[in-house]
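This is what each chain is made of:
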Amino acid sequence: MDKKRKEIIDKSAMIFLRHGIRSVTMDDLARELGMSKKTIYTHFKDKDELVIQIVTTLIERNQVACEVGRAKSETAIDAMMSISEFSTRLFTEIHSSVFYDLQKYYPEAWNIIKQYRLSFISDQITQNIIRGQEEGLYIAELDPKIMAGIHLSVVSMLTDSNVFEVVANEYGALLEEIVLFQLRGIVNDKGRKLMSKYMKNNK
């Protein structure tokens, strides 16, 4: 990727996540980036394309983090908590209006997120549950695909203001609570002990 294009994506992502997307104009963005609007438009035809590229880039990084976390993990529980830690850091500074802006004003970008959840994330959770069952850490009788669907449904509630009244900087903590809640529901006695050990070591 072109260096300047990458710089615009990375810096714009931080600005949008912290302040919301709709409330930041291209003039605001150019001023914050320390460049002209013409420079931005040289790399992106409009704000919609920039938002789509930001979403795509963040998804790609999340995917890499998931795969790296899974490869380095000692157990399924370790993998789940590592993935949760990365996502929590990403979600910590998200402004409360970001998800609303994406759903209402940037449907193409929002659809990319939804498809990512239904494909990659769903598969990651399913495989993690299968792994945990094989390791003797998760309840053997659980259906991995059903559990993955429940996980996605609960996480999706993060973006529903009718369910959670989340203010800025609270998404990360809420996501962490959701992951821990769901882990507690699928681990067996052996897994519960190991989970407590991981949590104690991470404090």
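Residues numbered from 1 in each chain as written. Predicted model: local features only at pLDDT ≥ 70, side-chain atom pairs only at ≥ 80, totals over all residues. Heavy atoms only, no water.

Participant: So what about the confidence of the model for the protein? Which residues, and what values?
Facilitator: Looking at the protein as a whole, its pLDDT mean stands at 88, while 89% of the residues score no less than 70. The element-level mean pLDDT for the protein is lowest in helix H5 (residues 76-92), coming to 77, with helix H2 (residues 26-33) highest at 96. (pLDDT = per-residue confidence, 0-100. Helix = DSSP H or I, 4+ residues; strand = E, 2+ residues; numbered from the N terminus.)

Participant: An account of the side chain of aspartate 78 is needed here, citing residue identities and associated values.
Facilitator: Mapped onto the fold, aspartate 78 is located in helix H5. Aspartate 78 has contacts with Ser73 and Tyr198, leaving out every residue within four places of it along the chain. (Contact = heavy atoms within 4.5 Å.)

Participant: Just give me the short version of the pattern of salt bridges, but keep the residues and values in it.
Facilitator: Per the counting criterion, the structure on display carries nine salt bridges. Ionic pairing is found between lysine 4 and glutamate 7, a salt bridge with its closest N-O pair at 3.2 Å. You can see lysine 4 and its partner glutamate 7 sitting in helix H1 (residues 3-19), three residues apart, about one turn around the helix. Residue class for lysine 4 comes out partly exposed when judged on its relative accessible area of 32%. Here glutamate 7 falls in the partly exposed class, since its relative accessible area comes to 25%. When the shortest N-O distance is used, the salt bridge between lysine 37 and aspartate 27 registers 3.2 Å. On the criterion of sequence distance, the pair formed by lysine 37 in helix H3 (residues 37-43) and aspartate 27 in helix H2 is long-range, its members being 10 residues apart. Residue classification places lysine 37 among the partly exposed residues on the basis of a relative accessible area of 33%. Among the charged side chains, a network of salt bridges with common partners joins Lys4, Glu7 and Lys11. (Salt bridge = Lys/Arg side-chain N within 4 Å of Asp/Glu carboxyl O. Buried < 20%, exposed > 50% of the residue type's maximum accessible area, 1.4 Å probe, protein only.)

Participant: Give a description of H2 that names residues and reports values.
Facilitator: Listed as buried for H2 are Met26, Leu29, Ala30 and Leu33. Angular distribution of buried residues about the axis of H2 spans 100°; they occupy a single face of the element. Among the exposed residues of H2, those oriented more than 90 degrees off its buried face are Arg31 and Glu32. Structurally, H2 contributes buried residues whose contacts are with H1, H3 and helix H4 (47-72). Immediately downstream of H2, the backbone of glycine 34 shows phi near 70°, a positive value. (Arc of directions from axis to C-beta.)

Participant: Quick rundown of the packing of helix H7 (residues 107-134) against helix H8 (residues 144-156)? Include the residues and the values.
Facilitator: Contact pair H7 / H8: the axes reach a minimum separation of 8 Å and the direction vectors enclose 130°. By the angle between their directions, the pair H7 and H8 is classed as oblique. The way H7 lies across H8 gives a crossing that is right-handed. Across from Arg117, Ile121, Ser122, Ile125, Thr126, Ile129, Ile130 and Gln133 in H7, the residues of H8 making contact are Pro144, Lys145, Met147, Ala148, His151, Leu152 and Ser156. Broken down by class, the residue content of the contact of H7 with H8 amounts to eight nonpolar, five polar and two charged. (Axes fitted to C-alpha atoms, helices over the stretch in contact; angles between N-to-C directions. Parallel < 35°, antiparallel > 145°, perpendicular 65-115°, else oblique. Left-handed = near helix turned anticlockwise from the far one by under 90°. Nonpolar A, V, L, I, M, F, W, Y, C, P; charged D, E, K, R; others polar.)

Participant: Go over the environment of isoleucine 125 with me, naming the residues and quoting the values.
Facilitator: Its place among the elements puts isoleucine 125 in helix H7. What makes isoleucine 125 buried here is its relative accessible area of 8%. Separated by 26 residues in the primary sequence, isoleucine 125 and histidine 151 have C-alpha atoms spaced 8.0 Å apart. Setting aside chain neighbours within four positions, we find isoleucine 125 in contact with Met80, Ala148 and His151.

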